[in-house]
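Coordinate analysis (summary)
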Amino acid sequence: MKNGEWIIQEQRAGGAFGKQAPVFDQLYGPDKIVQYKRKRVRDHVEQWIKPGSAILELNAGTGEDAVYFAQQGHRIHATDISAGMLEILSQKIKEKGFSGLVTHEPCSYTDLESLQQKGPYDYLFSNFAGLNCTPSIEKVL
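Here's a quick rundown of the structure. Every chain is numbered independently, its residues counted from 1 as its sequence is written. Only residues with pLDDT of 70 or above have their local features reported here, since the model is predicted, and side-chain atom pairs are shown and tallied only from 80 upward, although totals for entire chains, interfaces and linings are computed over all residues. Hydrogens and water molecules were not included; the side-chain quantities draw on all heavy atoms of the structure.

**Some remarks on the packing of aromatic side chains**
The test is simple: Two rings belonging to Phe, Tyr or Trp (six-membered ring only in the last case) form a pair when the distance between their centres is within 6.5 Å. Interplanar angles under 30 degrees mark stacking, angles over 60 mark edge-to-face geometry, and anything in between is tilted. Three exposure classes are used, based on accessible area relative to the maximum for each residue type with a 1.4 Å probe and protein chains only: buried under 20%, partly exposed in between, and exposed over 50%.
Summed over the entire model, instances satisfying the criterion amount to 2 aromatic pairs. Taking the centre distance of 5.1 Å and the plane angle of 80° together, the rings of Y68 and F69 count as edge-to-face. On the basis of relative accessible area, F69 is assigned to the buried category, the value being 0%. When the ring of F69 is compared with that of F125, the centres are 5.4 Å apart and the planes differ by 70°; the resulting orientation is edge-to-face.

**Brief notes about the environment of I55**
We apply this condition: Helix and strand definitions follow DSSP, with helices as H or I runs of at least four residues and strands as E runs of at least two, each counted in order from the N terminus. In what follows, a contact means two residues having at least one pair of non-hydrogen atoms within 4.5 Å.
Along the polypeptide, I55 turns up in strand β1 (residues 54–58). When the C-alpha positions of I55 and L124 are compared, they lie 5.6 Å apart, and in sequence the two are 69 residues distant. With sequence-adjacent residues up to four places away left out, I55 is seen in contact with I49, F69, H74, R75, I76, H77, Y121, Y123 and F125.

Below is the structure:
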């Protein structure tokens, strides 16, 4: 896939996830398999991060993991290509009182050089398989 085609594909994906954003947590939040997978990822991350770490999250979606790590006292900068997902994330962060710990910006994981908030970060992670959707993993890395 050529770069221009990939950008169009990302825009389409962002739009599709944006449409699903208002109901995303209702659909997937109570799902036992999703809960199990989130716990596995979080347990793994917690083996490696120190208290008060700065975390860059790729494909943050509605912010479920950002909220979790903020509750643990970490600072998270959450990125996603979906404006709709980031809107839900923003509302959630305000409601939970984590505005001081969680920031966010729209950004594709294939365009990390354009991040406004460049860090430094102690840990970078992505949950729920967003990275397996790119034909350009070397660009992400």
